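Letter by letter, the chains look like this.
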Amino acid sequence: MISKRMLLASIGALVCTPGAKPARAALPPISLERHERAMRAAIEQGRRNAAYPFGAVIVQAETGEVMGRGVNDSSANPTLHGEIACINDYVGRHGSTDWPSRVLYTTAEPCPMCMGAMVWAGIGGVVFGTSIEGLKRVGMDQIDITARAVVDASPFYTGMLLGGVLQGDTDRLFRERKRG
């Protein structure tokens, strides 16, 4: 469920952790309805990998148009997390351009590698469902560095960070995943 703070973020305010320097939102206000629609598209991608349902989409912030898609394929390449596969799909279709006007939606909080890639790209926003803590609760090993920690360590990054969108749905996706 989205907290009041996260709801405010979805209409153009900032998500802020106490004592942390927030990322500056450069995007137009995005409605909660649009956030949820894009997260449903990321969930659809995640369902393509029953064991590791890390799915992602990149959308154009102004229109909500899906510009890139990806799902975890780390069995083929350990760096092909859902977000990286999505970034690769976006670049293949559109080139490495217009990052500040794009938002990446992902079923789970990005790991440090993926969040670092998005920071370096300068993507306008990152929205996730399940937190790293939520992934750990369902028995998935995680590097214990939050996306917020990566953003806070990147003073040049100006993108938005929002967590917990359709978290009940994404938590269920990971809880019910196929196990080896």
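Heads up: the structure comes first, above all this text.
Residues numbered from 1 in each chain as written. Predicted model: local features only at pLDDT ≥ 70, side-chain atom pairs only at ≥ 80, totals over all residues. Heavy atoms only, no water.

A. Here's a closer look at the packing of helix 3 (residues 82-94) against helix 4 (residues 112-121). Where helix 3 contacts helix 4, the axes come no closer than 9 Å and their chain directions differ by 30 degrees. Here helix 3 lies roughly parallel to helix 4, going by the angle between them. Where helix 3 abuts helix 4, its residues Glu83, Ile84 and Ile87 lie against Met113, Cys114, Ala117 and Met118. Class assignment for the residues of the contact of helix 3 with helix 4 results in six nonpolar, no polar and one charged. (Axes fitted to C-alpha atoms, helices over the stretch in contact; angles between N-to-C directions. Helix = DSSP H or I, 4+ residues; strand = E, 2+ residues; numbered from the N terminus. Parallel < 35°, antiparallel > 145°, perpendicular 65-115°, else oblique. Contact = heavy atoms within 4.5 Å. Nonpolar A, V, L, I, M, F, W, Y, C, P; charged D, E, K, R; others polar.)

B. A look at the environment of Ser74. Counting through the fold element by element, Ser74 comes out in the loop between strand 2 (66-71) and helix 3. In this structure, the C-alpha to C-alpha distance between Ser74 and Ala85, residues 11 residues apart in sequence, is 9.5 Å.

C. Spatial organisation of the environment of Gly92. As for its placement among the helices and strands, Gly92 is situated in helix 3. Considering only alpha carbons, one finds Gly92 and Gly68, 24 residues apart in sequence, at a separation of 8.9 Å.

D. Up close: the nonpolar core. In terms of nonpolar packing, the biggest core is built from 24 residues, with Leu104, Met115 and Met118 touching the most fellow members. Of all the elements in the fold, those that place two or more residues in this core are strand 1 (55-60), helix 3, helix 4, strand 4 (125-130) and helix 6 (147-152). If you tally residues by element for this core, the top one is helix 3, at five residues. Contacts of Met118, omitting those with residues within four sequence positions, involve Glu83, Ile87, Leu104, Pro110, Ile123, Val126 and Tyr157. If you look at the next biggest cluster of nonpolar residues, it comprises 17 residues, including Ala38, Ala42, Leu162 and Leu166. (Core = buried A, V, L, I, M, F, W, Y, C linked by side-chain atoms within 4.5 Å. Buried < 20%, exposed > 50% of the residue type's maximum accessible area, 1.4 Å probe, protein only.)

Interpretation in functional terms is not warranted from these geometric data alone.
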